[in-house]
2 protein chains.
Amino acid sequence: MTRRLYLAGPEVFLENALEIGAAKRAICARFGVEGVFPLDAGLDLAGLSPRDAGLAIGRANEDLMRSCDALIANMTPFRGPGMDGGTAYEMGFMRALGRPVFGYTAAAGAYVERAGGVRTDGQGRLRDARGWIVEDFGMADNLMMTGAVIASGTEVAVLPSAPSGDIADLAAFERCLEGMAAQFAGI
Amino acid sequence: MTRRLYLAGPEVFLENALEIGAAKRAICARFGVEGVFPLDAGLDLAGLSPRDAGLAIGRANEDLMRSCDALIANMTPFRGPGMDGGTAYEMGFMRALGRPVFGYTAAAGAYVERAGGVRTDGQGRLRDARGWIVEDFGMADNLMMTGAVIASGTEVAVLPSAPSGDIADLAAFERCLEGMAAQFAGI
């Protein structure tokens with residue numbers, strides 16, 4: 001049976017979200033995996049209030065995740081130094097289900113390089129412009145999300161040269177699938 | 001047996017994180033709940049590389065979550081318009097375990113009001129300054145996290161007057177515990 005891979009990421013907020021979903025599914029097919037895009041649920045939201053529509057989408061996404069064997073997350077920074085919160089939520093969700101969580105980013109460098117105005121305080125800790133401590137574990141993002149990927153047996157995929165930072169960039173997505181294919185036969 | 005409540009939030013990045021953890025535990029005790037702060041794991045990180053330290057903290061936090069009956073998340077915006085990604089991850093984790101997820105914020109308004117340069121496009125959709133679509137479900141943050149709180153039977157707690165926006169503000173935390181106590185006897 002073809003393994004199902006949940007395609008988590010902030011591309012759902014792009015004008016051409018459906019196209020990107022189709023492109024990701026096509027790449028998955030080349031690796032023998034069925035890509036499942038959040039907008040694939042085929043929900044009928046007609047007549048629902050905004051709040052009820054939001055709740056219906058959330059439930060549908062959780063049902064889709066439960067129907068999948070693994071998740072691949074677009075961890076490219078989104079509206080700030082870190083990744084999209086909804087995608088982070090979904091990584092935690094799949095991790096708690098005990099299913100592999102993969103991740104990639106189209107951005108270069110560690111989280112600490114993007115936190116803004118980072119300096120070292122008198123005790124050798126990194127602080128951002130507000131004085132908040134910046135975690136410094138050499139990871140692409142928060143240790144919970146990055147750790148989930150590493151605990152799943154891979155690394156956050158990133159292209160070493162000329163990272164675009166573009167949340168719609170599919171090059172690092174493809175690199176991540178190569179890593180999965182090498183490590184997990186059948187996925 | 002006293003219920004254990006995991007205290008998720010970005011306060012771990014503050015200088016006085018341990019003090020805030022103690023203050024939250026004290027408030028929990030008044031509501032008959034045992035507060036469990038991420039930094040309570042009592043890890044010995046001596047001699048570990050930054051990467052291994054990060055992984056150890058991630059594992060310890062996941063073990064702590066599994067040991068808890070519910071989670072309360074500080075959803076106050078952190079380094080951007082949305083909440084801390086690590087906290088979002090933890091909300092998804094507990095939700096997948098089928099345990100209640102509560103949330104509060106010290107910030108006023110919906111996510112859409114903080115996304116930056118939001119305007120309405122020709123099709124009535126909201127866009128941010130980059131042209132990315134902004135979800136508009138009247139929710140405090142992304143529908144996955146907000147939806148998890150609502151699905152757990154409560155609302156994201158917020159103080160109606162003079163919200164501080166301060167991630168260390170405990171007033172909305174206390175309001176959230178009041179809501180929990182009213183709804184869940186024993187929690």
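Below is a summary of the structure that appears in this document. (Residues numbered from 1 in each chain as written. Chains lettered and ligands numbered in written order. Predicted model: local features only at pLDDT ≥ 70, side-chain atom pairs only at ≥ 80, totals over all residues. Heavy atoms only, no water.)

Some remarks on a nonpolar patch on the surface
What counts is decided by this rule: Here, patches come from residues exposed beyond 30% relative accessible area and free of salt bridges, joined within 9 Å for like charges and within 5 Å for nonpolar side chains (Val, Leu, Ile, Met, Phe, Trp, Tyr). Surface exposure here means Shrake-Rupley accessible area, sampled with a 1.4 Å probe, where a residue is shielded only by the protein chains that are shown. Salt bridges are defined as contacts in which a side-chain nitrogen from Lys or Arg sits within 4 Å of a carboxyl oxygen from Asp or Glu. We count a stretch as a helix when DSSP gives it H or I for four or more residues in a row; a strand needs E for two or more, and each element gets its number in order from the N terminus.
Among the surface-exposed residues, L43, L45 and L48 of chain A lie close enough to one another that they form a single nonpolar patch of about 220 Å² accessible area. Take L43 of chain A: it is sitting in the loop between β2 (33–36) and α2 (50–66).

Observations regarding the sheet that holds strand β3 (residues 70–74) of chain B
Residue and element names in this part refer to chain B. Just so we agree on the cut-off: Two strands qualify as a pair provided that DSSP identifies no fewer than 2 bridges between them. Each axis is a line fitted through C-alpha atoms, and for a helix only the stretch in contact is used; angles between axes span 0 to 180 degrees, taken between their N-to-C directions. Residue contacts follow a heavy-atom distance rule, with two residues in contact if any of their heavy atoms lie within 4.5 Å.
One open sheet holds the four strands; their spatial order is β2-β1-β3-β4, and the pairing between them is parallel. If you trace the sheet from one side to the other, it starts and ends with β2 (33–36) and β4 (101–104), each paired once. Put simply, the sheet's adjacent strands are angled 25° from each other on average, direction ignored. Direction of pairing for strand β1 (residues 3–8) relative to β3: parallel, over a ladder of four bridges. Paired with Y6 across the two strands is L71, which belongs to β3. Strands β1, β2 and β3 of the sheet are contacted by helix α2 (residues 50–66), whose axis makes an angle of about 145° with β1.

Details of the relation of the copies chain A and chain B
Under the convention used in this document: Copy-to-copy alignment: least squares on C-alpha atoms, limited to residues at pLDDT 70 or above in both.
Superposing chain A onto chain B takes a rotation of 180° plus a shift of 0.0 Å along the axis, which leaves an RMSD of 0.0 Å. The superposition operator between the copies reduces to a two-fold rotation axis. An overlap of 100% is found between the interface residues of chain A and their copies at the interface of chain B, pointing to a shared contact surface.

Some points on the packing of helix α1 (residues 17–30) of chain A against helix α5 (residues 171–183) of chain A
Residue and element names in this part refer to chain A. Spelled out, the test is: The cut-offs work like this: below 35 degrees is roughly parallel, past 145 is roughly antiparallel, 65 to 115 is roughly perpendicular, and the gaps in between are oblique. By definition, turning the near helix anticlockwise from the far helix through less than a right angle yields a left-handed crossing, and turning it clockwise yields a right-handed one.
Between α1 and α5, whose axes approach to 10 Å, the crossing angle comes to 25°. Considered as vectors, α1 and α5 are oriented roughly parallel to each other. Regarding α1 and α5, the two cross each other, and that crossing is right-handed. Note on element contacts: α5 touches α1 through F173, E174 and L177, opposite K24, I27, C28 and R30.

Section: the interface of chain A and chain B
Convention followed: The term buried area refers to how much accessible surface (probe radius 1.4 Å) is lost by two components on association, counted for both of them together.
At the junction of the two partners, chain A supplies 51 residues and chain B supplies 51 residues. Taken over both partners, the interface formed by chain A and chain B buries close to 4,300 Å², and the fraction arising from carbon and sulfur atoms is 62%. Three residues, R79, Y89 and M144 of chain A, lead the burial of chain A against chain B; their summed loss comes to 20% of the area buried on that side. Between chain A and chain B we count 10 salt bridges in total.

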